[in-house]
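Remarks on the overall topology
What follows is each chain in one-letter form.
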Amino acid sequence: MAEFGFNEHHQNEVINYMRFARSKRVLRLKTIDSCFEELKDSRLVEETFTVDEVREMLDGLQAVVRGEVEMELINTAHTNVLLLRQLFSQAEKFYLRLQSDISELENRELLEQVAEFEKTDFKTTDKINQEPSKPKLAPLNEGGVSELLNKEIGRLQEENDKLKARLRTLESQAMSALDEKTRAERALKDLQKVQGDQQLATQSQEISSLENTVAALREDYERTLSANAMSQKDLQENLISAKHELLRVQEQLALAEKELDKKFQQTAAYRNMKEILTKKNEQIKEIRKRLQRYEPNE
C-alpha cells in the first residue's frame, strides 16, 4: 500500500478496519441470502402462481431486502463516525486539527486501488503479519511526539529569529531617535546662547525665587496648621477643666448657702423676727374673723 503513503503501523490499522468491514459485509449478505431462501422454502411450494401472487411475493422480498440494506448502510455510516471520533480524539491530544476532503471519497482511481489492495496485498498481509485486533486505536508513538516537538521548536526558533530581527530594527530606530534628540538639544542650547545667557539666568533666578516662596508658604501653612491643631487641643482641655471647676464652685456655693441659711436660722434676730411674724399673722387672722362676723355679706 506504498502508493497511499502509509507506514507499516498505519497500514496494519487499515487492514484491521477492512477486515472488520468485510466481516460485517459478509454477515449482511448472508442475511439477504437467507431472505431469498426463506421465500423459496415458504412460498414457492406450488407449480403455478398468479400475477398478483408473484407481485405480492416480490413486494414482500423487496421490503425485507431494502430494510436489510438500509440498516447496513446506516450502521456503516455510524461505524465510520466512531472511527473518525477515535482519530480526532488522538489528534486533539497533540493540538492537531485534521481535515478531510469529501470529494476524494468518490475518487474512482483511489477506490480501484483500495479494491486491488483488498484482492492482493490484503490477503498477502494476512499471511505475513497477523496482529491481534485492538478495541481502540493505538496512541501516537514517541517518534511522532518527537517530530511534533521538533516542528514546534523549529517554529518557535523561526519566530525567535523574526523577533530578534525586529528588535535589531527597533534598536536601530531608537539609536537614530537618540541621535536626533541629541542634535535637537544641541541646537536648542546654541539658540539659548544666542538669545542671551543673562536672560536665561534671570528666568532661572525668578523660577528659583518662586520655588523658594512657595516652599516658605507651604512651610508656614504647615506650621499654622500644626499650631491651630495644638491650640484647638489646648482649648478643648481648658474648656473641660473650666467645666469641672465650675461644677466644683457651684457645688461649694450650694453648700455655703445651706450653711449660711442654717446659721441665720440659729441667730436671735431670726428667732425674734419669726415670732413677730407669727404674732402678726395671728392678729390678721383675728381681724379677718371679726370682719366676717360684722360684715358677713361682704
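Whatever comes next refers back to the structure up there.
Residues numbered from 1 in each chain as written. Predicted model: local features only at pLDDT ≥ 70, side-chain atom pairs only at ≥ 80, totals over all residues. Heavy atoms only, no water.

1. Focus on the packing of helix α1 (residues 8-42) against helix α3 (residues 108-119)
Angle between the axes and distance between the axes: these two values describe a pair of packed helices. For the pair α1 and α3, interaxial distance at closest approach is 12 Å and the crossing angle is 85°. Comparing the axis directions of α1 and α3 gives the class roughly perpendicular. Contacts between α1 and α3 pair Gln11, Ile15, Met18, Arg22 and Arg25 from the former with Val114, Phe117 and Glu118 from the latter. A per-class count over the contact of α1 with α3 returns four nonpolar, one polar and three charged. (Axes fitted to C-alpha atoms, helices over the stretch in contact; angles between N-to-C directions. Helix = DSSP H or I, 4+ residues; strand = E, 2+ residues; numbered from the N terminus. Parallel < 35°, antiparallel > 145°, perpendicular 65-115°, else oblique. Contact = heavy atoms within 4.5 Å. Nonpolar A, V, L, I, M, F, W, Y, C, P; charged D, E, K, R; others polar.)

2. Description of unusual backbone geometry
Across the chain, the bulk of peptide bonds are trans and the bulk of non-glycine residues have phi less than zero. Phi is positive for tyrosine 95, which is not a glycine, with a value near 60°. You can see tyrosine 95 is positioned in the loop between α2 (51-93) and α3. On the accessibility criterion, tyrosine 95 (77% relative accessible area) is exposed. (Buried < 20%, exposed > 50% of the residue type's maximum accessible area, 1.4 Å probe, protein only.)

3. Here's the deal with the side chain of arginine 28
The topology assignment puts arginine 28 in helix α1. Among the residues examined, arginine 28 registers a relative accessible area of 18% and is labelled buried. Apart from the residues within four sequence positions on either side, arginine 28 is in contact with Glu68, Met71 and Glu72.

4. Digging into the nonpolar core
Listed in full, the six residues of the largest apolar core are Ile32, Cys35, Leu39, Met57, Leu61 and Val65. Of all elements in the fold, only α1 and α2 reach the threshold of two or more residues within this core. Among all residues touching leucine 61, those that are not within four sequence positions of it are Cys35, Phe36 and Leu39. (Core = buried A, V, L, I, M, F, W, Y, C linked by side-chain atoms within 4.5 Å.)

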